[in-house]
Amino acid sequence: MSTVAMALAAAAAPAAMLVWSRAALAGAGGAGRARLAWASAWTLAGVAGLVALGWSRAQGLPGLLGSRAGHLALASGAALALALAAAWLWRREADTDSHDGKPARRGAVLAAGALALLALLLGQGFAWQGGESLAVAHWPFAWRYDADLPVSPHTWRRLAWAGAQMASAVLLALAAWRWRRWRIALSLAAIALGASVSWPHPRMLLTEARATSYQHSPLPFSDRELLRGAALYQAHCASCHGAGADGRGVRAASLPRWPSVLGPALFDNRLEGELHWRVAHGGDAPQDAPAMPAFGAALSDDDIWRVLDYLRLQAYGLSGGAGMPAVPAPAVALSCRDGRAAWLTDLRGLPVRVLAQAPGASPEPQDPRLLTVALSRDGAPVADADCVATGPQAWAAYALAAGLPEDGLAGAQFMVDRRGWLRARRLPGAAPAWTSADNVCGPDGRMENSSAQGLGELLGAMDRKPIPIPDIRRAPQGAGLPDARHAHRS
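Just so we're clear, the structure is a prediction, and the values are computed from it rather than from any experiment. (Residues numbered from 1 in each chain as written. Predicted model: local features only at pLDDT ≥ 70, side-chain atom pairs only at ≥ 80, totals over all residues. Heavy atoms only, no water.)

### With respect to empty space enclosed by the protein
Thought 1: In this structure the tally under the stated criterion is three cavities of 30 Å³ or more.
Thought 2: Considered as a void within the structure, the largest cavity measures approximately 80 Å³ in volume.
Thought 3: Around the largest cavity, the lining residues are A329, P330, A331, L344, T345, L347, R348, L350, V352, V416, D417 and G420.
Thought 4: Residue classes in the lining of the largest cavity are distributed as eight nonpolar, two polar and two charged. (1 Å grid on protein atoms, 1.4 Å probe; cavity = no way out; pocket = protein on both sides within 12 Å on 5 of 7 lines; lining within 4 Å. Points joined across faces, edges and corners; volume = space filled by probe spheres on them. Nonpolar A, V, L, I, M, F, W, Y, C, P; charged D, E, K, R; others polar.)

Below, the structure written as structure tokens:
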């Protein structure tokens, strides 16, 4: 769904709530009641759609509780609840001649309208910053759900029994409210049953969380930022974790705990935001000394994200993405024949093939179903490519993505889907096949590409299995673009 469509959906519910408030204040006569009923129905549909939108686009429950888009959905839901309460009061007092309820009813309607106006202002902010509005800024709980956490059947049975007890206590409380004759006895039974519920410890069902658990890097995933992350890693981390992040740094043997390998398994088992927190605040502390010092004073938040982005791309290069979350294609400055794009991210919406130009290699067959971006290390022009990225930074970033030294990258190819994610690659000297860790190339992770039919199957597989993660990264700006364009013209 586009940002424009999301903004319209974000504005629909509070706008309908304002209409509801106006209809309610117009009067409780026949025409007023009809307007109130229709406006309430449209409001209910708008809020339900907005909450569903927040759930699907803002990372589910974490997004609802921790992002601006989620706050908009919750504010609209609160407006709906307040409006339904006002409607109930209005209906209850409409057939009486008493005027005692009018101030309260009008106050409830005005409060609903004010809350709707707040939601409308949030929606306006959402429209201005659609991507950033989906970012989770804060997780408010000390625990989070982890689908990979093993939970024993005994714990599930205990949870089900505790839930049944609590539901019974709620039913007894409702019965006490309904039947006055048995109110004291039912209330005491509800209190006793609720107090006796034994819930399993959260550690048995959930994983410890941090305020930053669901945050993602907001920085551009660009060649310049990635190489800055590489330099920061070598300066601050390599002495312990090793130049290749293999845990074999020069200081590793002298530490009280051997440094961890910062490879694909790290990103498979931990959320990005929790990795960020760990770097900023330090590792677990054994009794004698901390496992890892806190780098929050030496590195800014953005610097830590740069290091993590670099490690993430390097891990993708080593494994092809096996067992890892999705990795975006590094954004590089482009010079295109038709001037359609200045950065690789400007080509979103189209499938893209990134080709590391090999000197003297035969031209790659062009395909009208995709765009070809050529990487030219020495700045030499490429005749048969739609766009060209020149310079050592772009070349170095894709060498990381290939898991190869820069001198061995020539001839490598990468397939980028319509949303900018790396989905498949062909390494130089390997079998003529596209390989992919997420099975976009088939159950065995390989797809022969000796004909246009094979490439068509790959493109179709990417469209059938899109990666739904929202893009919250900032757009790359400026760095290297004039040089790239000048090199291509020369």
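Here the narrative resumes, following the displayed structure.
### Focus: the packing of helix α14 (residues 301–319) against helix α15 (residues 392–402)
Thought 1: Running from N to C, α14 and α15 cross one another at 55 degrees; their axes reach a closest spacing of 5 Å. Put simply, α14 runs oblique to α15. Residues Y310, L313, Q314, Y316 and G317 of α14 lie in contact with α15, whose contacting residues are A397, L400, A401 and A402.
Thought 2: When the residues that make up the contact of α14 with α15 are grouped by side-chain class, the tally is seven nonpolar, two polar and no charged. (Axes fitted to C-alpha atoms, helices over the stretch in contact; angles between N-to-C directions. Helix = DSSP H or I, 4+ residues; strand = E, 2+ residues; numbered from the N terminus. Parallel < 35°, antiparallel > 145°, perpendicular 65-115°, else oblique. Contact = heavy atoms within 4.5 Å.)

### Side note on the pairing of strand β8 (residues 422–426)
Every other side chain in a regular strand lies on the same face of the sheet, so the side chains alternate between the two faces.
Thought 1: A large share of β8 lies buried, amounting to five of its five residues.
Thought 2: As defined by bridge partners, strand β7 (residues 413–416) adjoins β8 across four bridges and the pair is classed as antiparallel. Among the inter-strand pairings, V416 is bridged to a residue of β8, identified as L422.
Thought 3: Taking the residues that link successive antiparallel strands as the turn, the β7-β8 hairpin has five residues, and the phi of G420 there is positive, at about 90 degrees. (Buried < 20%, exposed > 50% of the residue type's maximum accessible area, 1.4 Å probe, protein only. Pairing = 2+ DSSP bridges.)

### Focus on the nonpolar core
Thought 1: Membership of the largest hydrophobic core comes to 57 residues, with the highest contact counts inside it found for Y233, L334, L344, Y398, L409, F414 and L422.
Thought 2: With nine residues, α14 is the largest single contributor of residues to this core.
Thought 3: Setting aside anything within four residues of it in sequence, one finds Y398 in contact with A329, P330, V332, L344, V354, L375, L409 and F414.
Thought 4: Counting eleven residues, the second largest nonpolar core, distinct from the first, contains L370, M447, L459 and M462. (Core = buried A, V, L, I, M, F, W, Y, C linked by side-chain atoms within 4.5 Å.)

### Here's the deal with the confidence of the model for the chain
Thought 1: Looking at the chain, pLDDT values average 79 and 69% of them are 70 or higher.
Thought 2: The spread of mean pLDDT over the elements of the chain runs between helix α17 (residues 481–489), the lowest at 36, and helix α10 (residues 223–236), the highest at 96.
Thought 3: Taken as a whole, residues 479–490 scores under 50 in pLDDT and shows 18 contacts with residues more than four places along the chain or in a different chain. (pLDDT = per-residue confidence, 0-100.)

### Thoughts on the side chain of R423
Thought 1: Within the fold, R423 resides in strand β8.
Thought 2: By relative accessible area, R423 is classed as buried at 2%.
Thought 3: Within the local environment of R423, its side chain forms a polar contact with the backbone oxygen of K465, the two atoms lying 2.7 Å apart.
Thought 4: When neighbours within four sequence positions are excluded, R423 is seen to be in contact with M415, D417, S436, D438, V440, M462, K465, P466 and I467. (Polar contact = N/O pair within 3.5 Å; in protein donor to acceptor, adjacent residues only side chain to side chain.)

### Let's talk about the state of the cysteines
Thought 1: Considering all chains together, one arrives at one disulfide under this definition.
Thought 2: The residue that forms a disulfide with C336 is C387, at a sulfur-sulfur distance of 2.1 Å. In this structure the cystine formed by C336 and C387 twists about its S-S bond by roughly 105 degrees; its chirality is therefore right-handed. Here C336, found in strand β3 (residues 335–336), pairs with C387, found in strand β6 (residues 387–390); they are 51 residues apart in sequence, far enough to count as distant. (Disulfide = S-S within 2.5 Å.)

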